[in-house]
Amino acid sequence: MTTTLHTAELAPPAKRAPATAGKRRRKRHSTPLTIAMLAVLAYFLLPLLWLLVASTKSTQDLFNTFGLWFSHAPQLLTNVRATFAQDDGVFVRWLLNTVMYAGVSSVGAALLAAAGGYGFAKFRFRGDRVAFNLVVGAVMVPATALAIPTYLLFAKAGLVNTPWAVILPSLVNPFGLYLMRVYAEDAVPDSILEAARIDGAGEARIFFRIVLRLLGPGLVTVLLFTLVATWNNYFLPLIMLNNPNLYPVTVGLSSWAAQAQNGGAGSSSDMLALVVTGSLISIVPLVVAFLMLQRYWQSGLASGGVKQ
């Protein structure tokens, strides 16, 4: 009994958690920040809401009803069928052209950016800093400023009014190369490269078998950026193509909008409803692509924030 009491006396008193600990763990809410975030959310979502609602209306209802709410007789399926049937189904061809242009350009630009970024990050050669500074400077040059010189160059090569006139310029992505160079510096350890070279692997095999796997999240990021840029590209196909069968969706819908304006009053032309519905259909593949690839993108961002 004495031993028990002595042990109890020597035992340190139990520490009580301060009453303010629970309050500190509570999440802090900022009303101005919440309002600002709601405003930004509305800024991005309201145009999409308008496009979705407008796609269910006839041309007459587009002018006679409230823009952010449905009409009394929604006709989304009717508009979709009319869009695909207009001009003998040329909208389907425009979609396929856009998928080809954006798909080939995004994959090619991502691979070229990965190769260039890996080369700048892991190899040293004469003039490497000057060359990389030129790449960074090219990021600041707007694409529209290069459209006319690119057209003249492709006209000399006989590539105007061909798919290559849209694909080849889209393969050049200075920002993607800069991004891959920064990503490759940390994502590709020098020890792995040295071990592969000691085992007798060539540089091409190292790049395609090892480096590309390590650069996967960055590769997907560049692919998504190039996919969106090429999908939404309007000015370059406009000056490069004059055959309607080669148009992407952006130029094709613009030609339909011009027909609606030239046909008289906008309210009397059924073409305007087809333009709106075609715009809604054209963004669906981009949404699907982001939903399918976002986990790779997010994993890359998360792994970049953890120091290994």
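Residues numbered from 1 in each chain as written. Predicted model: local features only at pLDDT ≥ 70, side-chain atom pairs only at ≥ 80, totals over all residues. Heavy atoms only, no water.

## Examining the overall build of the protein
Looking only at helices and strands, the protein features 16 helices and 0 strands. A total of 308 residues make up the protein; the buried ones form 32% of that total. At a minimum sequence separation of 6, the contacts of the protein that also span at least 24 residues come to 73%. Approximately 19,800 Å² of the protein is accessible, and the part contributed by carbon and sulfur atoms is 66%. (Helix = DSSP H or I, 4+ residues; strand = E, 2+ residues; numbered from the N terminus. Buried < 20%, exposed > 50% of the residue type's maximum accessible area, 1.4 Å probe, protein only. Contact = heavy atoms within 4.5 Å. Areas by Shrake-Rupley, 256 points an atom, 1.4 Å probe, with all protein chains shown as cover.)

## Observations concerning the confidence of the model for the protein
Per-residue confidence for the protein averages 84 on the pLDDT scale, and 85% of its residues sit at or above 70. Here residues 1-11 is modelled with pLDDT under 50, and outside its nearest four sequence neighbours on either side it reaches 0 contacts, counting other chains as well. Considering only residues more than four positions removed or in separate chains, one finds that residues 264-268, a stretch of pLDDT under 50, has 6 contacts. (pLDDT = per-residue confidence, 0-100.)

## Re the pattern of salt bridges
Inspection of every chain in the model, using the stated rule, returns 3 salt bridges. Note that Asp-190 is salt-bridged to Lys-122, the shortest N-O span being 3.0 Å. Of this pair, Asp-190 sits in helix 11 (residues 190-198) while Lys-122 is found in helix 6 (residues 90-122), placing the two residues 68 residues apart along the sequence. For Lys-122, a relative accessible area of 19% corresponds to the buried category. The residue Arg-181 makes a salt bridge to Glu-185 at a minimum N-O spacing of 3.1 Å. Here Arg-181 and its partner Glu-185 are both found in helix 10 (residues 174-187), 4 residues apart, which amounts to about one turn of the helix. (Salt bridge = Lys/Arg side-chain N within 4 Å of Asp/Glu carboxyl O.)

## Describing the packing of aromatic side chains
Applying the stated rule across the entire model yields 12 aromatic pairs. With a centroid separation of 5.8 Å and 35° between ring planes, the pair formed by Tyr-118 and Phe-207 is classed as tilted. Here Tyr-118, found in helix 6, pairs with Phe-207, found in helix 12 (residues 203-214); they are 89 residues apart in sequence, far enough to count as distant. Assessed through its relative accessible area of 5%, Tyr-118 is described here as buried. (Phe/Tyr/Trp six-rings, centres within 6.5 Å; stacked < 30°, edge-to-face > 60°.)

## Observations concerning the packing of helix 11 against helix 12
Relative orientation of the contacting elements helix 11 and helix 12 amounts to 145°, with a least axis distance of 11 Å. Taken as a pair, helix 11 and helix 12 cross one another with a handedness that is right-handed. Here helix 11 contributes Ile-192, Leu-193, Ala-196 and Arg-197 to the contact with helix 12, which in turn contributes Glu-203, Ile-206, Ile-210, Val-211 and Leu-214. (Axes fitted to C-alpha atoms, helices over the stretch in contact; angles between N-to-C directions. Left-handed = near helix turned anticlockwise from the far one by under 90°.)

## Observations regarding the packing of helix 12 against helix 13 (residues 216-231)
Contact geometry for helix 12 and helix 13: axes closest at 4 Å, N-to-C directions at 75°. In terms of orientation, helix 12 lies roughly perpendicular with respect to helix 13. On helix 13, the residues touching Leu-212, Arg-213 and Leu-214 of helix 12 are Gly-216, Pro-217 and Leu-219. Residue composition of the contact of helix 12 with helix 13, grouped by class: 4 nonpolar, 1 polar and 1 charged. (Parallel < 35°, antiparallel > 145°, perpendicular 65-115°, else oblique. Nonpolar A, V, L, I, M, F, W, Y, C, P; charged D, E, K, R; others polar.)

## Regarding the environment of Ile-206
Summarising the element assignment, Ile-206 is placed in helix 12. The class for Ile-206 is buried, based on a relative accessible area of 1%. For the pair Ile-206 and Ile-192, spaced 14 residues apart in sequence, the C-alpha to C-alpha distance is 9.5 Å. Other than its neighbours up to four places away in sequence, Ile-206 contacts Tyr-118, Leu-193, Ala-196, Arg-197, Ala-201 and Val-211.

## Examining the environment of Pro-169
Relative to the elements of secondary structure, Pro-169 occurs in helix 9 (residues 164-170). Spatially, the C-alpha atom of Pro-169 lies 7.8 Å from that of Thr-150, the residues being 19 residues apart in sequence.

## So, the nonpolar core
Within the largest apolar cluster, 23 residues are counted, with the highest numbers of intra-cluster contacts made by Phe-91, Trp-94, Leu-241 and Trp-256. At the level of elements, helix 6, helix 9, helix 14 (235-240), helix 15 (249-262) and helix 16 (271-304) are the ones that each hand at least two residues to this core. Listed in part, the 18 residues of the second largest apolar core include Ala-114, Val-188, Phe-207 and Leu-212. (Core = buried A, V, L, I, M, F, W, Y, C linked by side-chain atoms within 4.5 Å.)

## Notes on the layout of surface pockets
When its volume is computed, the largest pocket comes out at roughly 800 Å³. For the lining of the largest pocket, the leading source of residues is helix 13, giving 4 residues. Grouping the constituent residues of the lining of the largest pocket by class yields 16 nonpolar, 7 polar and no charged. (1 Å grid on protein atoms, 1.4 Å probe; cavity = no way out; pocket = protein on both sides within 12 Å on 5 of 7 lines; lining within 4 Å. Points joined across faces, edges and corners; volume = space filled by probe spheres on them.)

## A few points about the side chain of Lys-122
In this structure the side chain of Lys-122 is engaged in a polar contact, spanning 2.7 Å, whose partner is the backbone oxygen of Val-188. Polar side-chain contacts of Lys-122 include one of 3.0 Å to the side chain of Asp-190. Not counting residues within four places of it along the chain, the set of residues in contact with Lys-122 comprises Ala-184, Glu-185, Val-188, Asp-190 and Leu-193. (Polar contact = N/O pair within 3.5 Å; in protein donor to acceptor, adjacent residues only side chain to side chain.)

## A few points about unusual backbone geometry
For Asp-87, which is not glycine, the phi dihedral falls at a positive 55°. Looking at Asp-87, the relative accessible area reads 39%, which means it is partly exposed. Even without being glycine, Asp-88 reaches a positive phi, approximately 60°. Relative to the helices and strands, Asp-88 is located in the loop between helix 5 (76-85) and helix 6.

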